[in-house]
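# Secondary and tertiary structure notes
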Amino acid sequence: MSIITDVIQSTVAVIKGMRRTLAEIPREKWTVQYPDDPITVQPRYRGMHLLHVDENGKEKCVACYLCAAACPSDCIYIEAEDDPRPYEQRVGRDERFAKVYNIDYNRCIFCGFCVEACPKDAITHGYNFEISVYNRSDLLKTKNDLLITKQKQSKNYRVALSSEDVDSEYKEV
Amino acid sequence: MSTELIKVTINEQEFEVEKGAKLIEVCREKGFGIPSFCYYGDLALQASCRMCLVRIEKMPKLQTSCTITCTDGMIVTTQSEEIEKAQRAMSEFLLANHPLDCPVCDRGGECELQEMVMDWGDLEERFVERKNAQPEKFLSPIVANDPQRCILCKRCTRVCDEWMGEEAIEAGNRGVNTVIGTYGGWLGCSQCGNCIEVCPTGTLLDGVYRHETRPWEMDQTRTTDVYSSDGMQLSIGSRGGEVHRIVARDRYVNGLNGEFLDVKARFAHGFINSKDRIKTPLIRYKKGGKLIPSTWDEAIHFVGSKLKESGNNVGVVASSRLTNESIFTLKRFATEAVNSNNYAVSDAYDLAPFFDNLSAPLCTHKEIRHAKTILLIGGEPEEEQTFTAKQIRQAVRNGGAKFIVVHDTPIRLAAQASQFIHVNKGSLDAFALAFADQSDATITKKLGAAQTEIDDLLKTIGETEGDFIIMFGGDLSAEAQAVLANVAGSFASDTRRALLHPLPLYNNSVGANDMMAGKKPLEEVLRTSKALLIAGSLPEDKTDLLANKDFVVVQELFETATTEYADVVLPAASFAEVDGTFTNNAGFVQRVRKAIEPIHQSKPDWVIASMIARELGADFGYNFSSTMVFKAIADSVPAYEGLRYPLLKDESKPVQAKYSPVAKRDLSNEFAALRRKVEALPETSEKITETPRVGHKLHRVTTMTGKTDQFHLLAAGNPKPENLLVSPLVQFNLDGTPRLVEMAEAASVNVKDRIDDKETVASKVVLK
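Not measured: the values here are computed from a predicted model.

Scoring rules and cut-offs
- Residues numbered from 1 in each chain as written.
- Chains lettered and ligands numbered in written order.
- Predicted model: local features only at pLDDT ≥ 70, side-chain atom pairs only at ≥ 80, totals over all residues.
- Heavy atoms only, no water.
- Helix = DSSP H or I, 4+ residues; strand = E, 2+ residues; numbered from the N terminus.
- Contact = heavy atoms within 4.5 Å.
- Areas by Shrake-Rupley, 256 points an atom, 1.4 Å probe, with all protein chains shown as cover.
- Rg over C-alpha atoms; globule rule 2.2 N^0.38 Å.
- Buried < 20%, exposed > 50% of the residue type's maximum accessible area, 1.4 Å probe, protein only.
- Pairing = 2+ DSSP bridges.
- Axes fitted to C-alpha atoms, helices over the stretch in contact; angles between N-to-C directions.
- Salt bridge = Lys/Arg side-chain N within 4 Å of Asp/Glu carboxyl O.
- Domains from an automatic or database assignment.
- Buried area = accessible area lost by both parts, 1.4 Å probe.
- Polar contact = N/O pair within 3.5 Å; in protein donor to acceptor, adjacent residues only side chain to side chain.
- Nonpolar A, V, L, I, M, F, W, Y, C, P; charged D, E, K, R; others polar.
- Phe/Tyr/Trp six-rings, centres within 6.5 Å; stacked < 30°, edge-to-face > 60°.
- Parallel < 35°, antiparallel > 145°, perpendicular 65-115°, else oblique.
- Left-handed = near helix turned anticlockwise from the far one by under 90°.
- Disulfide = S-S within 2.5 Å.

### Some words on the overall build of chain B
Looking only at helices and strands, chain B features 25 helices and 28 strands. Principal axes of the C-alpha set define a box for chain B whose edges measure 80 × 65 × 50 Å. Here the analysis covers contacts within chain B between residues at least 6 apart in sequence; of these, 68% occur between residues at least 24 apart. For chain B, the accessible area works out to roughly 30700 Å², and carbon and sulfur atoms hold 50% of it.

This is the structure we're talking about:
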């Protein structure tokens, strides 16, 4: 094998490669310049949970503890309470509501069992994944952090890419 | 039941069973599961749920196995396509009107209907019709009712009638319109809550535990009741250091009481996690000054130095609510740490005369249930020893026992009696004398009863074949108790057993009597000692004696009239926070188990006593282990010899302390004293004709029951609120007066409000 053949072959290879590269330059780009650009996710993405409310802003959760029972990493803590007031005045949709609803994101594995277990469609996975914090104890999210009405005000709140909006504020039971 | 054996073939296997056995029991015992709702052993038969259907050869249709008694040569099939089809159809019918609100139902997770439907129900419901929605309402401050969830098994009505004899809850209307209801829509009963316990669905619910947590979230701890002396076994449901509820369900605990509990045992647990609990040791450095929080180290050191100053003049008083371990340690504290014989039990009813003259064996609750003749002298078991009262009722009702009541008040239980000897007010002592010494006919004059009545009573006892039980309580004088306990043994014969049953006031009165052998009367100890260590509180009328004492240490849960005189108050742990034992009125030594860690800085009473003892230089060698304390008890108290915690582990086989009947003693002194007392009674006296109100003792607000708000309403006469949909606690002040201002918004809850919730849930899920 002579040096000349070697040089020719290498040059051809480079030209082949560069042709591919140059051909891609004018095409549409998939890479998102996160965090400089906003990101959207797929509808079935499992991010930080959302606690939903009904059309009148009443919490849907009835504190039945089924999500906590289904949770494999035992990260949901609930305290139920009775609210004897009429519908217009109470916090939740039902007399029974969650006084305390905590999810410990130190432990949550985002498996989605809680969402499947919920008989009232009160809890779903949202699309917020930016939950890194400087302090571990901040990963314990309370009802105030999880309620959809509160999360909508946060700059981290995001919706899914598709038109199928599973993240609607109120969904038919 | 005869012991004759007959042959029964179940699912092609042949078994020998006792004649007269229930088919459903036999099938279950032999391992063939049969579903049922309305069947409840020990209650009258109902056969209304029709889930227990079986095929019996030569019988035309499927039969309900709960109503069939086994006969010789019976051939039974419990599993076949035909039976399963019938059972599945039945469960579908039961669910036809049952709402799908398990997520908000407090029974969800331990509901018999839920379990049965998982086994026998279909996944889909075929009924698309609108359900007969009815709102959830309150029947009393502690009983909530959701009529729509009812499957009409009528366990509650049978329990109310047979166990409690109250008939407060009954089925009304007929056919499809049948509802379980109360008279006037409000429960005026003793609020025992047994209807809640036996309900297989979420129809009757605990109003104290309402919407607090869910069954599977709680840790269940088997332990013993802290109120009545019957030693009822119960299960504490706790979660995260908080006691949420108390039940006696078969799935959690199988004690001597089955699923029976009374209102205090079941609902008055609010004191455990009460915000009024004493949190830290408190010291009053100057007489008349304030109680100031301190540390344990400082408090123990302070107590030690002060008690050293008082030398041998230290008195020790134990409450009979404490565990055996605590009372025993307090006695050792008196004898070993401060070298004094001044120790007493703060119990209004001293059991020593009873146990010192015990001439017959102690009777268990099972023996009451199957007794032939029961003689009740004084006392009021339906208010204070509720389980004993239930056993008496069942013995009379289901066992045909003869029940004789001797009382100056026509108590409610007297309605069940075959003979009621209504004596003059306060002349029960005269009866004791007349009963023990039948030669003197003049006594009956003072008694206010005819001699023939006592003759009838003696004749009934003479005719008894089987068990004859004498029970009496603390309203007799000490001499009368000694005489009665002594005379009981003489009624025994070849065909008859005579048994004794005391009616103590507190959960561990019997144990306190055993532990504090050689105790002195309470008043004497309070008068003679300069310094006092008091565990628990004194009766309110005795607290005056604490004035002008040099030094008073009180171990308590709450600030009471006694702690007002205390120089040091040490926070004690309640029964749910300690390990130990209680001894009940049948002599059963039963375990108390720790359900939650001691609240705040409290410590068990025996730990506190041994810490002070150590400060004074006496070490009991317990190493802070309650098993060591119990071993010391077993070594030094004769009746408890050889007992250890592992032997007491199984609550379904309680172990009786070995009280040996004493030989008949010469009681002429007691007789003479009793005669003097009887002679002092007036010749003529008016009789009490009024039957006491239901719950006049049960619903009393005490330091412990008062911490559960519902008891204030019960004590205030259990008023019926205007709006049954909302808890009475929202609508009334604790003294029973209507709460006008705050009530407005809660009272505006209307039926539509509650039904809308249900309909949206029910109809939508069905149509899905």
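### A closer look at the overall build of chain A
A count of helical and extended segments in chain A gives five helices and five strands. Sequence-ordered secondary structure for chain A, helices as α and strands as β, is α-β-α-β-β-α-β-β-α-α. In terms of overall dimensions, chain A is more spread out than a globule: its C-alpha atoms have a radius of gyration of 25 Å, far above the 16 Å expected for 173 residues. The principal-axis extents of the C-alpha atoms in chain A amount to approximately 95 × 30 × 30 Å. Within chain A, buried positions represent 38% of all 173 residues.

### A word on the sheet that holds strand S20 (residues 419-422) of chain B
Residue and element names in this part refer to chain B. An order of S20-S19-S18-S21-S22 is seen for the five strands of this open sheet, with the pairing classed as parallel. Strands with a single pairing partner mark the edges of an open sheet, and in this sheet they are S20 and strand S22 (496-503). Within this sheet the neighbouring strands show an average axis-to-axis angle of 15°, counted without direction. In the sheet, strand S18 (residues 373-377) pairs with strand S21 (residues 466-473) via five bridges, with the strands oriented parallel. In the strand pairing of S21, Thr373 is matched with Phe468. On top of the sheet, helix H15 (residues 451-463) reaches S18, strand S19 (402-407), S20, S21 and S22; it is set at about 145° to S20, its chief contact.

### Points about the pattern of salt bridges
Charged atoms that come close allow side chains of opposite charge to pair. Per the counting criterion, the structure on display carries 47 salt bridges over all chains. With its nearest N and O atoms 3.9 Å apart, the salt bridge here joins Lys697 of chain B to Glu384 of chain B. Here the residue Lys697 of chain B occupies a position in the loop between helix H21 (668-680) and helix H22 (709-715), and Glu384 of chain B occupies one in helix H11 (residues 381-384), the gap between them amounting to 313 residues. One salt-bridge network, in which partners are shared between bridges, spans Asp82 and Glu95 of chain A together with Asp101, Glu136, Asp146, Arg149 and Arg210 of chain B.

### Comments concerning the environment of Val655 of chain B
Residues and elements named next belong to chain B. Assignment of secondary structure puts Val655 in strand S28 (residues 655-656). Each C-alpha atom of the pair Val655 and Phe588 lies 5.4 Å from the other, and the pair is 67 residues apart in sequence. In contact with Val655, not counting residues within four places along its chain, are Gly587, Phe588, Val589, Leu643, Leu647 and Leu648.

### Brief notes about the domain arrangement of chain B
Residues and elements named next belong to chain B. With domains assigned, chain B is organised as domain 1 (5-94), domain 2 (282-351 + 509-656) and domain 3 (359-502). Distance from the C-alpha centre of domain 2 to the C-alpha centre of domain 3: 35 Å. The partner domain 3 presents 12 residues to the nine residues of domain 2 that form the contact. A combined buried area of about 730 Å² lies between domain 2 and domain 3, and 59% of that area is made up of carbon and sulfur atoms. Interface area lost by domain 2 to domain 3 is led by Tyr349, Asn585 and Ala586, which between them contribute 67%. One can count zero salt bridges joining domain 2 with domain 3. Taken together, domain 2 and domain 3 are joined by one residue pair in polar contact (both at pLDDT 80 or more). Here the side of domain 2 that touches domain 3 is built from residues that sort into four nonpolar, four polar and one charged.

### Description of the sheet that holds strand S5 (residues 74-77) of chain B
Residues and elements named next belong to chain B. One open sheet holds the five strands; their spatial order is S2-S1-S5-S3-S4, and the pairing between them is mixed. The outermost strands of the open sheet, each flanked by one partner alone, are strand S2 (13-18) and strand S4 (63-64). Alignment of strand S3 (residues 53-56) against S5, held across two bridges, turns out to be antiparallel. Following the sheet pairing, Ile56 is matched in S5 by Val76.

### A look at the packing of aromatic side chains
The tally for this structure, following the rule as stated, stands at 21 aromatic pairs over all chains. Centre to centre, the rings of Tyr45 of chain A and Phe129 of chain A are 6.1 Å apart; their planes meet at 75°, and the pair counts as edge-to-face. Separated by 84 residues along the polypeptide, Tyr45 of chain A in the loop between helix H1 (3-24) and strand S1 (49-51) and Phe129 of chain A in the loop between strand S4 (123-125) and strand S5 (140-141) bring together distant segments of the chain. When the ring of Phe431 of chain B is compared with that of Phe435 of chain B, the centres are 5.6 Å apart and the planes differ by 20°; the resulting orientation is stacked.

### Re the interface of chain B and chain A
The interface is formed by 23 residues belonging to chain B together with 27 residues belonging to chain A. Where chain B meets chain A, there are three salt bridges. Measuring nitrogen to oxygen at the nearest pair gives 3.6 Å for the salt bridge that ties Arg210 of chain B to Asp82 of chain A. If you look at where chain B meets chain A, you find seven residue pairs in polar contact (both at pLDDT 80 or more).

### With respect to the packing of helix H8 (residues 324-337) of chain B against helix H19 (residues 605-615) of chain B
Packed helix pairs are specified by the crossing angle of their axes together with the interaxial distance, meaning the distance between the axes. All names here are of chain B. Their axes nearest at 8 Å, the elements H8 and H19 cross at an angle of 15°. In terms of orientation, H8 and H19 fall into the roughly parallel class. The chirality of how H8 crosses H19 is left-handed. On H19, the residues touching Glu325, Ser326, Thr329, Leu330, Phe333 and Ala337 of H8 are Asp605, Trp606, Ala609, Ser610, Ile612 and Ala613. Taken together, the residues of the contact of H8 with H19 sort by class into seven nonpolar, three polar and two charged.

### Considerations on the state of the cysteines
Residues and elements named next belong to chain B. Applying the stated criterion across every chain yields a total of zero disulfides over all chains. Sulfur of Cys49: no disulfide; nearest cysteine sulfur belongs to Cys38 and is 3.8 Å away. Free of any disulfide, Cys199 has its nearest cysteine sulfur in Cys153, 6.2 Å distant.

### Thoughts on the side chain of Thr563 of chain B
Residue and element names in this part refer to chain B. By the element assignment, Thr563 lies in the loop between strand S24 (551-556) and strand S25 (568-571). Since its relative accessible area comes to 2%, Thr563 is described here as buried. Sequence-distant contacts of Thr563, defined by excluding residues within four places in its chain, comprise Arg284, Leu291, Val554, Glu556, Phe558 and Val569.

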